[in-house]
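Structural overview
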Amino acid sequence: ETGVTQTPRHLVMGMTNKKSLKCEQHLGHNAMYWYKQSAKKPLELMFVYNFKEQTENNSVPSRFSPECPNSSHLFLHLHTLQPEDSALYLCASSQLWTRSREQYFGPGTRLTVT
Amino acid sequence: AQSVAQPEDQVNVAEGNPLTVKCTYSVSGNPYLFWYVQYPNRGLQFLLKYITGDNLVKGSYGFEAEFNKSQTSFHLKKPSALVSDSALYFCAVRDPGSGNTGKLIFGQGTTLQVKP
């Protein structure tokens, strides 16, 4: 595997379900990010992790719970979601301590909440 | 407040013609600027970046971007468009106040449509 991978690619869940999204980066990076991309809206940064420590929570509802067990893996645990949470969830990673710190993105998980 | 604007929702161009996708920014200090492309049902792909130095930056797939400090712009260009360039393009600037998080501020995106 290369780059940033995300599983599953598609997920349909009911409002009472609990599911998790997984992200793995194979780039040796030490920062990871979750974004939400909804139709007709700009990308919304949700969470930032540096060296496994959460450094940003962008006022995300508690029904989204991130977990970063190490610098290569990032999870987003989902429970009691709402239909408006349906979106493309993108994971990204970057290398800290470089000038540019450009982010590399995974293909995303298309989430539909019914 | 830091911001990025992409003034056009959509740009249409004929195959073989030059293309420009516009981006302007507003940040304090020196900006670190990026362009990303998103194909349907895919994540964002890094195209190019401006950090410092030459104002004309070359990137992937024949794209380039010109940094203009006086106009606070970072327009994406390509001399000859291909149908396969049709996609959604995002301009982004690194938030200088984000410390070491590397947080990016994205524009709203511009859809590029290249017609044969």
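Reference entry: report on the structure contained in this document. (Residues numbered from 1 in each chain as written. Chains lettered and ligands numbered in written order. Predicted model: local features only at pLDDT ≥ 70, side-chain atom pairs only at ≥ 80, totals over all residues. Heavy atoms only, no water.)

**What about the environment of Val 4 of chain A?**
As a reminder, the rule being used: Going along the chain from the N terminus, every DSSP run of H or I of four or more residues is numbered as a helix, and every run of E of two or more is numbered as a strand.
Locating Val 4 of chain A in the fold gives a position in strand β1 (residues 4-7). C-alpha separation for the pair Val 4 of chain A and Pro 107 of chain A, spaced 103 residues apart in sequence, amounts to 7.7 Å.

**A few points about the environment of Leu 78 of chain A**
Residue and element names in this part refer to chain A. Spelled out, the test is: For every residue, the accessible area (1.4 Å probe, protein chains only) is compared with the maximum for its type, and the residue is labelled buried under 20%, exposed over 50%, or partly exposed between those bounds. By definition in these notes, contact holds between two residues if any of their heavy atoms fall within 4.5 Å.
Positionally, Leu 78 belongs in strand β8 (residues 73-79). On the accessibility criterion, Leu 78 (2% relative accessible area) is buried. For the pair formed by Leu 78 and Val 12, sequence separation is 66 residues and the distance between their alpha carbons is 12 Å. With near-sequence residues (within four places) excluded, Leu 78 lies in contact with Leu 11, Met 13, Asn 17, Lys 18, Lys 19, Leu 21, Arg 63, Phe 64 and Leu 111.

**Details of the interface of chain A and chain B**
Note the cut-off: Joining two parts hides part of their accessible area as seen by a 1.4 Å probe, and the buried area is that hidden amount summed over both. A pair is scored as a salt bridge if a Lys or Arg side-chain nitrogen falls within 4 Å of a carboxyl oxygen belonging to Asp or Glu. A 3.5 Å cut-off defines polar contacts: any pair of N or O atoms within that distance qualifies, except that in protein one atom must be a possible hydrogen donor and the other a possible acceptor, and neighbouring residues in sequence count only when both atoms are side-chain atoms.
Across the boundary between the two partners, chain A contributes 26 residues, which contact 23 residues of chain B. Of the roughly 2,000 Å² buried where chain A meets chain B, counting both sides, 51% is carbon and sulfur surface. Put simply, chain A and chain B have 2 salt bridges between them. Its salt-bridge partner being Lys 103 of chain B, residue Glu 56 of chain A comes within 3.1 Å of it at the nearest N-O pair. At the surface where chain A touches chain B, the tally comes to 6 residue pairs in polar contact (both at pLDDT 80 or more).

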